[in-house]
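An overview of the molecular structure
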Amino acid sequence: MITIATLEDVSELNKLINSGYRGEFSKKGWTTEANILEGSRTNDAELKEIISTSKNTLLKFTENNRIIGCVLLVEKEQQLYLGMLTVSPELQNSGIGKKLLQQAEVHAQALGLPTIIMTVIAIRTELIDWYKRHGYADTGAREAFPESDIHISIVEQPLEFMVLEKKII
């Protein structure tokens, strides 16, 4: 079931998102960033801020009273920004990510926003290919990757974001 996350979900979402992107457990799935980044993907404070911001919607996918997937949707001027798409590593390739993408499209349509945009680390070709199979296209735009004490690169080449978009209306 896909519903809107609340502040009560912060701790469980934090564990899910970090387990999906970083650390050893993330390597059980195919979307890990553990081979390019160290540190945490998010924290409780960031998630509380996300949930408390009116232009943000954090959807959670719940099964058997456990959050097993989520996606952040941010209302921008004429676009919906999609980020933090996460599926528990041991459940990846089961259709949960696809269902969350479909719900993002429903959300964008309800807001009257014609385009969904996202940023993906450009060297994550397998993930970019997955998004392309779901209708997203490379806009050609690139953005600098924000290294910090949370996002610690462990690869030689400089990281950058590729901007992807999908027209939905």
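To start, this report covers the structure provided alongside it.

Reading guide: rules and limits
- Residues numbered from 1 in each chain as written.
- Predicted model: local features only at pLDDT ≥ 70, side-chain atom pairs only at ≥ 80, totals over all residues.
- Heavy atoms only, no water.
- Helix = DSSP H or I, 4+ residues; strand = E, 2+ residues; numbered from the N terminus.
- Rg over C-alpha atoms; globule rule 2.2 N^0.38 Å.
- Buried < 20%, exposed > 50% of the residue type's maximum accessible area, 1.4 Å probe, protein only.
- Contact = heavy atoms within 4.5 Å.
- Areas by Shrake-Rupley, 256 points an atom, 1.4 Å probe, with all protein chains shown as cover.
- Lys, Arg positive; Asp, Glu negative; His and termini not counted.
- Charge placed at Lys NZ, Arg CZ, Asp CG, Glu CD.

This part is about the overall build of the chain. When helices and strands are tallied, the chain shows five helices and nine strands. Ordered by position from the N terminus, the helices and strands of the chain form the series β-α-α-β-α-β-β-β-α-β-α-β-β-β. For a compact globule of 169 residues, the expected C-alpha radius of gyration is about 15 Å, and the chain comes in at 15 Å, within 12% of that figure. Viewed in the frame of its principal axes, the chain has a C-alpha envelope of about 40 × 40 × 30 Å. For the chain, the proportion of its 169 residues judged to be buried stands at 49%. Sequence-distant contacts in the chain: of pairs separated by 6 or more residues, those separated by 24 or more amount to 67%. Of the roughly 8,700 Å² of accessible surface on the chain, a fraction of 49% belongs to carbon and sulfur atoms. Charge separation in the chain, taken as the distance between the mean sites of 18 positive and 23 negative side-chain charges, equals 5 Å.

Mapped onto the fold, Asn35 is located in the loop between α2 (23-26) and β2 (37-38). Expressed as a C-alpha distance, the spacing of Asn35 and Tyr21, which sit 14 residues apart in the sequence, is 9.8 Å. Look past the residues within four positions of Asn35 in its chain and what remains in contact with it is Ile154 and Val155.

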